Amino acid sequence: MAASINSDSMKNMLQFMKLIGQLKRVPRTGWVYRNVKQPESVSDHMYRMSMMALTIADHNVNKDRCMKLALVHDMAECIVGDITPADNVSKAEKHKREEEAMRHLTGLLQEGLRKEIYELWEEYESQTSAEAKLVKEFDLLEMILQAHEYEELEGKPGRLQEFFDSTQGRFHHPEVIQFVKNLNEERAGHLAAGGDGSSGSSESKKPRTDSS
């Protein structure tokens, strides 16, 4: 079977993988705006989201599809970067840029794979399935878990409160809600022990709250 793969296809795959590799070097903008040292990359974020998809206990969702959605949802950022609400780019313009990037990326792939990956991205963007909605919750959950970890690393409980505030009322899946409850309980203990830690930052730019 391998012998049937032509040289041009492999050249295109090499270019695709090099572009995807850029995600390892694209920092998550919200953390940059909040002066977090050594902020995570977009691929760091998507990896833990994929692990959330792998470890969810709910048998009513397609875990394989959730993992694929998690791996694809921010793929365009290897070309357009991590655009946040603070960047004053409209949702329509953001979608247009990412759509163009996805067409370029998937255009390097053979037809079946091209269609699968592009349609996964569209599914997440349009939130048209239970899996896409769950992965959106993973997106927000991973963000606040990371915010909590940065507060721990910095020894400044409460400093990234706005990230938590931005997710209020946005979690609906029972397992995610329970995870958030446990996270908030752990964080509350740190806040009680260390003060509110919200002494403040004078940055004019708002943090990344989510990709929508």
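Residues numbered from 1 in each chain as written. Predicted model: local features only at pLDDT ≥ 70, side-chain atom pairs only at ≥ 80, totals over all residues. Heavy atoms only, no water.

Undergrad: Quick question: what am I supposed to make of the packing of aromatic side chains here?
TA: Each aromatic ring pair is characterised by the separation of its centres together with the angle its planes make. Counted by the stated rule, this structure contains three aromatic pairs. Measuring from ring centre to ring centre gives 5.7 Å for Y118 and W121, while their planes differ by 45°; the resulting arrangement is tilted. Highlighted residues: Y118 and W121, both in helix α7 (residues 111–126), separated by three residues, approximately one helical turn. Three or more aromatic residues joined by ring pairs make a cluster, and in this case those are W31, Y150 and F163. Directly above the ring of F164 sits R187, whose terminal nitrogen or CZ lies 3.7 Å from the centroid. (Phe/Tyr/Trp six-rings, centres within 6.5 Å; stacked < 30°, edge-to-face > 60°. Helix = DSSP H or I, 4+ residues; strand = E, 2+ residues; numbered from the N terminus. Lys NZ or Arg CZ within 6 Å of the ring centre and 35° of its normal.)

Undergrad: Just to check I follow, could you spell out the packing of helix α3 (residues 42–55) against helix α8 (residues 130–154) for this structure?
TA: Viewed as axis vectors pointing N to C, α3 and α8 meet at an angle of 120°, and their least axial separation amounts to 9 Å. Taken as axis vectors, α3 and α8 run oblique relative to one another. Crossing of α3 over α8 shows right-handed handedness. In this structure, α3 contributes H45, R48, M49, M52 and A53 to the contact, and α8 contributes V135, F138, D139, L141, E142, L145, Q146 and E149. For the contact of α3 with α8, the class distribution of residues is seven nonpolar, two polar and four charged. (Axes fitted to C-alpha atoms, helices over the stretch in contact; angles between N-to-C directions. Parallel < 35°, antiparallel > 145°, perpendicular 65-115°, else oblique. Left-handed = near helix turned anticlockwise from the far one by under 90°. Contact = heavy atoms within 4.5 Å. Nonpolar A, V, L, I, M, F, W, Y, C, P; charged D, E, K, R; others polar.)

Undergrad: Please explain α8 as it appears in this structure.
TA: Residue pairs spaced three or four apart in an α-helix point in one direction, given the helix's 3.6 residues per turn. When the terminal C-alpha atoms of α8 are compared, their 36 Å separation across 25 residues agrees well with the 36 Å that a helix rising 1.5 Å per residue should span. Extensive coverage of α8 is indicated by the burial of 19 of its 25 residues. After α8 finishes, the residue G155 shows a positive phi value of roughly 70°. (Expected span 1.5 Å × (residues − 1). Buried < 20%, exposed > 50% of the residue type's maximum accessible area, 1.4 Å probe, protein only.)

Undergrad: Explain the layout of surface pockets here, please?
TA: Over the atoms, a rolled probe matching the size of one water molecule traces out where space is still vacant. Estimates place the volume of the largest pocket at around 340 Å³. Every residue lining the largest pocket is counted, 17 residues in all, and those nearest its centre are F16, I20, L71, V72 and M75. Those elements that place two or more of their residues in the lining of the largest pocket are α1 (7–21), α3, α4 (63–72) and α7. (1 Å grid on protein atoms, 1.4 Å probe; cavity = no way out; pocket = protein on both sides within 12 Å on 5 of 7 lines; lining within 4 Å. Points joined across faces, edges and corners; volume = space filled by probe spheres on them.)

Undergrad: Mind showing me how you'd approach the pattern of salt bridges here?
TA: The full count for this structure, using the stated rule, is 15 salt bridges. Salt-bridge contacts for K68 lead to E116; the nearest nitrogen and oxygen are separated by 2.8 Å. Of this pair, K68 sits in helix α4 while E116 sits in helix α7; the two residues are 48 residues apart in sequence, bridging distant segments of the chain. On the basis of relative accessibility, which here comes to 37%, the residue K68 falls in the partly exposed class. Residue E116 is classed as partly exposed on the basis of its relative accessible area, which comes to 33%. Among the salt bridges present, the one from R159 reaches E154, with a minimum N-O distance of 2.6 Å. Under the relative-accessibility criterion, R159 is labelled buried at 14%. Residues participating in the shared-partner salt-bridge network are R48, E142 and E149. (Salt bridge = Lys/Arg side-chain N within 4 Å of Asp/Glu carboxyl O.)

Undergrad: Please clarify how the confidence of the model for the protein should be interpreted in this entry.
TA: Caution applies to low-pLDDT parts of the model: their predicted coordinates are not meant to be read in detail. Scored by pLDDT, the protein has a mean of 91; 89% of the residues are at 70 or more. Within the model, pLDDT remains below 50 along residues 196–208, and this stretch shows 31 contacts once partners closer than five positions in the same chain are excluded. (pLDDT = per-residue confidence, 0-100.)

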